[in-house]
Amino acid sequence: MHRYRFIFSLILLLAVETNYSQVDTTIILAQFSSSSLLTDKAFYATSGEEKDEAKSLSFYEWEFLTGQWNGYRNQLIDYGIDLVVGYKADFLSNLRGGTRSGSVFLDNTDIILSFDLEKFVGLSSASLVTQFLGNSGGSPNELVGSSMGLSNIETTPTWKLYQLLFEQSFFDNKFSVAAGLYDYNSEFDNRESSALFINPSHGIGDDISKSGVNGPSIFPTTSASLRLKYQNQSFYLLSAIMDGVPGHADNPYGTHIIFNKRDGLLTAMEFGFVNSIDEKLNYKLGIGAWRYSTKSLNNNFWSSGEIELSNPQNNFGIYITAERNLFSSSTGEDMMLFGRIGYANKNVNPVTFYAGSGLYFRGFNLVGKDNEFGIAFAFSRNSDSYRNFIFNTEGDDIKPFELNIEATYLFGITPWMKLQPDIQYIINPSYCPSTNNCVVVGSRLLINF
């Protein structure tokens, strides 16, 4: 509790002492990348500023909380080494409905060490990304009983190696090959305009995130993978082969890389059209498909042979993802619309259908400069096979559907710190015994070290 008080006291102190008329908060939401490779962890980096802060800049105007390390940070970048440490903390409260009322604190730390191998060892158009992931705190979803969850950083408290990925590009960086521990959602089923939201279903659809014995190769556990990508100015093609069971299905703590023939493979493809104007996304339309090589009655119902399979089936799914810039001004204002629908084999997966959509606003200067705002909904349909299985084995009645409505607003306190108030309204939470809808409010703190 003392830890929580300290963090939020620091926020209030900085908010009071910061002069918003003098601090340049032109910060854009970014996903750190090496060549074409993106991670799914959202951090923040300043734009339009010189790499080295002038000595006259105050602490509140620094790009990073720890500054430029006396110039050593940029010297490392010149040698091809980039170290980024990002911190997120969520404080969420269930005001009514759900399992019970209450508040939960949880946090997430990402340490990303990336190497430009052309600068570092002379290997042209190649990169290496190493990412460590650390999580702690409680589980806000225990207050609600939602299928889609509440926070995209909620997981088992532990530290682990999250990504270790080598990428080589060819043909003027239009084609690339990546191999290693890979986050599927860093490039597949990914939308720029929905990355703002805290609810995890806007990052990747609930249909695929619930698939597999231990989920696909996404947060919080990735698997050994091989990814191929081609992209030009008009279209892109993604293809990946991943270990079918990331980590250890019965041990979520630490890093586990296990190769077992029975685990099979998860294969995925996505093809789409993309258009940008002056390096700003105009539209994107993609269609993707995924399939597990192993058959099962339901990949979420069995593990390590605990349940004997009968009438095994292929586990597969398809989805369509899209986003479009509806309004863009010369002064930086943008309004974007995004949407996503997905289907997963109803006889094999807990969630058979998902649909989500929303509006994203950037740079409309509601408070300060270059802030972000969004409102979105997400609909999840639970499969009858899953509901019947849970009822027959555990006696619990899973609800047929769930709807989440989220509104969130992100603003800068300093260039290295942001605050994001959030409200979510959950209709028909799937795992809640009562029928009460839920109102969840809270805030996210982001710090770029």
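Residues numbered from 1 in each chain as written. Predicted model: local features only at pLDDT ≥ 70, side-chain atom pairs only at ≥ 80, totals over all residues. Heavy atoms only, no water.

1. Some thoughts on the overall build of the protein
Link 1 in the chain: Along the protein, the regular secondary structure elements total 5 helices and 18 strands.
Link 2 in the chain: A burial count over the protein gives 50% of its 449 residues as buried.
Link 3 in the chain: Residue pairs at least 24 apart in sequence account for 65% of intrachain contacts in the protein once pairs closer than 6 positions are excluded.
Link 4 in the chain: For the protein, the exposed area adds up to about 19,900 Å²; of that, 60% sits on carbon and sulfur atoms. (Helix = DSSP H or I, 4+ residues; strand = E, 2+ residues; numbered from the N terminus. Buried < 20%, exposed > 50% of the residue type's maximum accessible area, 1.4 Å probe, protein only. Contact = heavy atoms within 4.5 Å. Areas by Shrake-Rupley, 256 points an atom, 1.4 Å probe, with all protein chains shown as cover.)

2. Considerations on helix α5 (residues 384-394)
Link 1 in the chain: Among all positions of α5, only Y386, F389 and I390 are buried. One side of α5 holds all its buried residues, which, seen down the axis, span an arc of 95°. (Arc of directions from axis to C-beta.)

3. Side note on the pairing of strand β12 (residues 313-328)
Link 1 in the chain: Inspection of the sheet shows β12 paired to strand β13 (residues 334-344) by 11 bridges, in the antiparallel sense. Each bridged residue has a counterpart across the sheet, and for E323 the counterpart in β13 is F338.
Link 2 in the chain: If you look at the hairpin formed by β12 and β13, you'll find 5 residues sitting between the two strands, and G332 has a positive phi there, around 105°. (Pairing = 2+ DSSP bridges.)

4. Structural notes on the nonpolar core
Link 1 in the chain: One finds Y184, F188, M242, A268 and W290 to be the most contacted residues of the largest nonpolar core, which totals 25 residues.
Link 2 in the chain: Secondary-structure elements contributing two or more residues to this core are β7 (175-182), β9 (235-243), β10 (265-277), β11 (280-296) and β13.
Link 3 in the chain: The greatest single-element share of this core, amounting to 4 residues, is contributed by β9.
Link 4 in the chain: Apart from residues lying up to four places away in sequence, Y184 is in contact with I204, I208, S217, I218, M242, A268, W290 and Y319. (Core = buried A, V, L, I, M, F, W, Y, C linked by side-chain atoms within 4.5 Å.)

5. A few points about the pattern of salt bridges
Link 1 in the chain: As enumerated under the stated definition, the model contains 15 salt bridges in all.
Link 2 in the chain: A salt bridge links K210 to D206; the nearest nitrogen and oxygen atoms lie 2.4 Å apart.
Link 3 in the chain: Where D334 meets R362, a salt bridge forms, and the shortest distance between an N and an O atom there is 3.4 Å. Taken together, the residues D334 in strand β13 and R362 in strand β14 (residues 351-362) connect sequence positions 28 residues apart. Across the pair, R362 and D334 agree in class, each one buried.
Link 4 in the chain: When salt bridges with common partners are traced through the structure, they connect E167, E187, R227 and K229 into a single cluster. (Salt bridge = Lys/Arg side-chain N within 4 Å of Asp/Glu carboxyl O.)

6. As for the packing of aromatic side chains
Link 1 in the chain: For the coordinates displayed, the defined rule picks out 20 aromatic pairs.
Link 2 in the chain: Geometrically, the ring pair formed by Y230 and F235 is tilted, given 5.8 Å between the ring centres and 40° between the ring planes.
Link 3 in the chain: Judged by its relative accessible area of 28%, F235 is partly exposed.
Link 4 in the chain: Sitting over the ring of W69, R73 keeps its end group 4.1 Å from the ring centre. (Phe/Tyr/Trp six-rings, centres within 6.5 Å; stacked < 30°, edge-to-face > 60°. Lys NZ or Arg CZ within 6 Å of the ring centre and 35° of its normal.)

7. Brief notes about the pairing of strand β3 (residues 81-96)
Link 1 in the chain: As judged from the 14 bridges shared by β3 and strand β4 (residues 102-116), these two strands associate in the antiparallel manner. What sits directly across from G86, in β4, is D110.
Link 2 in the chain: The hairpin turn running from β3 into β4, its antiparallel successor, is 5 residues long, and G97 in that turn takes a positive phi close to 75°.
Link 3 in the chain: Where β3 meets strand β18 (residues 438-448), 10 bridges bridge the pair, whose relative direction is antiparallel. Across the sheet, the residue bridging to G86 is N448, located in β18.

8. Description of the side chain of S176
Link 1 in the chain: You can see S176 is positioned in strand β7.
Link 2 in the chain: Of the polar contacts made by the side chain of S176, one reaches the side chain of E167; its length is 3.2 Å. (Polar contact = N/O pair within 3.5 Å; in protein donor to acceptor, adjacent residues only side chain to side chain.)

9. Points about a nonpolar patch on the surface
Link 1 in the chain: Together, L237, M269, F271, F273, Y283, L285, I287, I320, I341 and F353 line one region of the surface with nonpolar side chains, adding up to about 850 Å² of accessible area.
Link 2 in the chain: Those elements that place two or more of their residues in the nonpolar patch are β10 and β11.
Link 3 in the chain: Relative to the helices and strands, I341 resides in strand β13. (Patch = residues over 30% accessible without salt bridge, like charges linked within 9 Å, V, L, I, M, F, W, Y side chains within 5 Å.)

10. Quick word on the confidence of the model for the protein
Link 1 in the chain: Confidence in the prediction for the protein averages 85 pLDDT; 83% of positions are at 70 or higher.
Link 2 in the chain: With pLDDT under 50 throughout, residues 1-54 is counted as low confidence; its partners more than four residues away or in other chains account for 135 contacts.
Link 3 in the chain: A low-confidence stretch, residues 298-309 (pLDDT under 50), is modelled with 33 contacts involving residues beyond four sequence positions or located in other chains. (pLDDT = per-residue confidence, 0-100.)

11. Structural notes on the side chain of E333
Link 1 in the chain: Within the fold, E333 resides in the loop between β12 and β13.
Link 2 in the chain: Lacking a salt bridge, the buried E333 has K280 as its closest oppositely charged neighbour, with an N-O distance of 7.8 Å.
Link 3 in the chain: In this view, E333 contacts F327, S328, R362, G363, F364 and N365; residues no more than four positions away in its chain are not counted. (Lys, Arg positive; Asp, Glu negative; His and termini not counted.)

12. Some details on the environment of S125
Link 1 in the chain: Structurally, the position occupied by S125 is in the loop between α3 (117-121) and β5 (126-137).
Link 2 in the chain: Sequence separation between S125 and S176 is 51 residues, and the spatial gap between their C-alpha atoms is 9.2 Å.
Link 3 in the chain: With residues near it in sequence (within four places) discarded, S125 still touches E118, E167, Q168, S169 and N173.
Link 4 in the chain: Side-chain polar atoms of S125 contact the side chain of S124, separated by 3.5 Å.

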